[in-house]
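Here are the chains, one letter per residue:
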Amino acid sequence: MVRPFAAGIDGASGGVDPAGVVSERRLSDLRGLFRDAAALERAVGEGDEVVYRVVAAPVPEVEGEVPFSVTTIEAGRVGDEFYMTRGHAHPEPQGEVYFGLSGRGVLLMYDGEEVRWVEIRPGVAGYIPPGWAHRTANVGGEPFRFLAVYPGSAGHDYAIVAEGGMGARVVRSAAGYEVVEEPGGAGPAVREYYRRRKKRG
């Protein structure tokens, strides 16, 4: 059991104090997720830079606990797609809250059939209902940082997003960015995955 504590959240650096696990994902970790695979390989060869970093508070991901973390997504694109997180669904259907700290991003959500998205800026919270996969993209010119708070029993399924996609992509446009839905949507196995989780949630 975790004893009561206070944690400092630094919206300018993405730090959490005290910090628990710190993880980062580079361009090479995101193979198969960007539409322009050739552009991704060129970027990997030019330096394989860090796309995003997650700094978690020292709260375990177990039932009854409420972990929280700060994610920083760097500014950049692969082809026309903005830098983004891998995206995941919760095997145990649970809701989650993202709260904007700095920069500007898009929270993309997908339930296997329907795509929804919200723009997150400092002081704006996005709510992810149970059963919806989610991914965030940095659509600004500076690092995008947000605080995530979620039930410890939720779990993370990255494979279903890697396999079935998110139903849409966040790409550059004349207006800055747009969310473009992908034709065809998810296959039957992916739709069934989300259907079961929404029913359980």
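The structure displayed is predicted, hence computed values, not measured ones.

Asker: Teacher, can you tell me more about helix 1 (residues 37–45) here?
Answerer: In an α-helix, one turn spans 3.6 residues; hence positions three or four apart end up facing the same way. Among the residues of helix 1, A39, L40, A43 and V44 are the ones counted as buried. The arc enclosing the buried residues of helix 1, seen along the axis, measures out at 140 degrees, which places them on a common side. Along helix 1, exposed side chains directed more than 90 degrees from the buried face belong to R42 and G45. Of the residues one or two after helix 1, G47 is the one with positive phi, at around 155 degrees.

Asker: It is not clear to me how the sheet that holds strand 12 (residues 133–138) should be interpreted in this structure. Could you clarify?
Answerer: One key point about sheets: their strands pair by backbone hydrogen bonds, in either a parallel or an antiparallel sense. Pairing is antiparallel in the open sheet, where three strands are placed in the order 10-9-12. Two strands bound the open sheet, and with one partner strand each, they are strand 10 (115–120) and strand 12. The average undirected angle you get between the axes of adjacent strands in this sheet is 20 degrees.

Asker: How should I be thinking about the pairing of strand 11 (residues 125–128) in this particular structure?
Answerer: Residues in a regular strand point their side chains to alternate faces of the sheet. Burial along strand 11 is one-sided: G126 and I128 are buried, while A125 and Y127, pointing the other way, are not. Where strand 8 (residues 96–102) meets strand 11, four bridges bridge the pair, whose relative direction is antiparallel. Of the residues in strand 11, the one forming a bridge with E96 is I128.

Definitions and limits used
Residues numbered from 1 in each chain as written. Predicted model: local features only at pLDDT ≥ 70, side-chain atom pairs only at ≥ 80, totals over all residues. Heavy atoms only, no water. Buried < 20%, exposed > 50% of the residue type's maximum accessible area, 1.4 Å probe, protein only. Helix = DSSP H or I, 4+ residues; strand = E, 2+ residues; numbered from the N terminus. Arc of directions from axis to C-beta. Pairing = 2+ DSSP bridges. Axes fitted to C-alpha atoms, helices over the stretch in contact; angles between N-to-C directions.

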